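Residues per chain are reported as follows:
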Amino acid sequence: MENRVVITGLGVVAPNGVGLTDFIKAIKNGTSGIVYYPELKALGFSCCIGGKPTVSEEKKRDYLTELQLRDFNSSGILYGCMAGMDAWKDAGLSISDYTDYDSGTIFGAGTSGVEKFREAVYKLDDKQVRRLGSTVVPQTMVSGVSAYLGGILGLGNQVTTNSSACTTGTEAILMGFNRIKAGLAKRMIVGGTSDEGPYVWGGFDAMRVLTYKHNESPTTGSRPMSASASGFVPGSGAGAMVLETLQSALERNATIYAEILGGNVNSGGQRNGGSMTAPNSEAVQHCIKKAIENSKIHPTEIDTINGHLTATIKDFTEIENWSEALKLKGLDFPYINSLKSMIGHCLSASGAIESVASVLQIHQNFIFPNINCEDLHEEITRLISAEKIPQKLIETDVNIVAKASFGFGDVNSCIIFKKYRK
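Quick notes on the rules
Along each chain, residues carry numbers from 1 onward, in the same order as the chain's sequence is written. Given that the model is predicted, a residue must reach a pLDDT of at least 70 before its local features are reported, and side-chain atom pairs must reach 80 or more before they are shown or counted; all residues, however, enter totals for whole chains, interfaces and linings. Calculation of side-chain values draws on the structure's entire complement of heavy atoms; hydrogens and water are dropped beforehand. Salt bridge, as used here: a side-chain nitrogen of Lys or Arg that lies within 4 Å of a carboxyl oxygen of Asp or Glu. Strands here mean DSSP runs of E at least two residues long; helices mean DSSP runs of H or I at least four residues long; both are numbered from the N terminus. When a residue's accessible area, from a 1.4 Å probe over protein chains only, is under 20% of the maximum for its type it is buried; when over 50% it is exposed; and in between it is partly exposed. As used in this record, nonpolar core signifies buried Ala, Val, Leu, Ile, Met, Phe, Trp, Tyr and Cys residues forming a set joined through side-chain atoms within 4.5 Å. Here a residue-residue contact requires only that any non-hydrogen atoms of the pair lie within 4.5 Å. Criterion used throughout: strands pair if DSSP finds at least two bridges between them.

Undergrad: Would you mind going over the pattern of salt bridges with me for this structure?
TA: Pairs may arise between side chains of opposite charge once their charged atoms sit close together. Applying the stated criterion across every chain yields a total of 20 salt bridges. With a shortest N-O distance of 2.9 Å, arginine 4 and glutamate 259 are connected by a salt bridge. Note that arginine 4 is positioned in the segment before strand S1 (5–14) and glutamate 259 in strand S9 (residues 258–267), a separation of 255 residues in sequence. Residue classification places arginine 4 among the partly exposed positions, given a relative accessible area of 33%.

Quick look at the structure:
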């Protein structure tokens, strides 16, 4: 018999809130974490706004030791450790002195320690190889975040990092879910993290997919589903959750935030309209349909969708794909929202942070508002009712949330979260 998998701990480090308390308040109030960065202007960026979590030097020391912080320069690893450790603590688990072979982590990342890499490159170019220090490799290897977390928490099950562009965080959750479901682990910390700053964001600015129209009004820059959307706003941070067998959670009398019913990961193969940077709509629909089928639910049972919705020209295509996959439109379509309106696109962390928000909606019975879409895109509202795109907080019973992420390379992931019931 396959294990039922539940969520017993959450952690989040987001541009609009670090820690669950601040994050919940921010998403309920529609608080933006997007600000203007003069250094981007100085570097010649067209888009000079973005989202970075606010973490003080003092706060860092609540998670990493002085020794770990010596010559430390990896924002992604820091955020991932913070979110992962918070999720572990939130689950009521403690750090032991022994190796825990029942627990592991699959924690995604797109890059690792880009600033540390830059520092190392300059030293090498200056023929200072002996001054690189002993932490360059663990800070710059993509699996750095899972390696740090594994060591801090003494994890003895699978400890690894996945990397699949913007689907990374959602994919990591599904990978951990499948491992526990198959009986290969009792609990897994899953999530995603992203480095920040010009060396991560510059390529997107060069591709002209970032908005350049809101440097004077940062908080209104990220506009998913808006007629005046002009590109995405880059962000950073991390989201994490502890997944656990239902049996283990009940034995520990743990808080159960939600249950994972199932999901799906696929690729469009960069065929049929799909490319390195554009989705194959047929594959997107296939991914959603399979997630619903695997979860043994009917599309009409979905209360709300937490979309990928980046504020680009692909927003309508995404809504169209959801509508076609669910065979629902107009007022029959579920509510849909995009956290990116508040935090921007956090790249490899986006799916994880947005999944934390999805689970919180189930646990606390609310649907967070979309901001900056007072001028809804006409093509979207011709397909689904404007009433299904909430612009104010809705307090209502939320039973099932569908979350999807789509990424460069024509890769897709969709996961179904449900309120836990015995």
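Undergrad: Just to check I follow, could you spell out helix H8 (residues 144–153) for this structure?
TA: The element H8 is largely enclosed, with a buried count of 8 among its 10 residues. If you check which residues of H8 are buried, you get Gly144, Val145, Ser146, Tyr148, Leu149, Gly150, Ile152 and Leu153. Residue glycine 154 follows H8 closely and has a positive phi angle near 70°.

Undergrad: So what exactly am I meant to see when it comes to the nonpolar core here?
TA: Within the largest apolar cluster, 42 residues are counted, with the highest numbers of intra-cluster contacts made by Ile7, Leu10, Phe23, Met241, Leu243, Leu339 and Ile353. Per element, the largest residue contribution to this core is 6 residues, and it comes from helix H15 (residues 350–364). Here isoleucine 353 is in contact with Val12, Val13, Ala14, Phe23, Gly237, Ala238, Gly239, Leu339, Ile343 and Cys346, once residues within four sequence places are set aside. Residues Ile292, Ile302, Phe316 and Ile416 belong to the second largest nonpolar core, which totals 31 residues.

Undergrad: What exactly am I supposed to notice about the pairing of strand S5 (residues 103–109) here?
TA: Side chains on a regular strand alternate between the two faces of the sheet. Within S5, 7 of the 7 residues are buried, which leaves it mostly tucked inside the rest of the structure. In S5, alternate side chains face the same way, and those of Ser103, Thr105, Phe107 and Ala109 on one face and Gly104, Ile106 and Gly108 on the other are all buried. Strand direction decides the pairing type here: S5 and strand S7 (residues 187–194), joined by 7 bridges, are parallel. Across the sheet, the residue bridging to phenylalanine 107 is glycine 191, located in S7. Looking at chain direction, S5 and strand S6 (residues 159–160) are connected through 2 bridges and run parallel.

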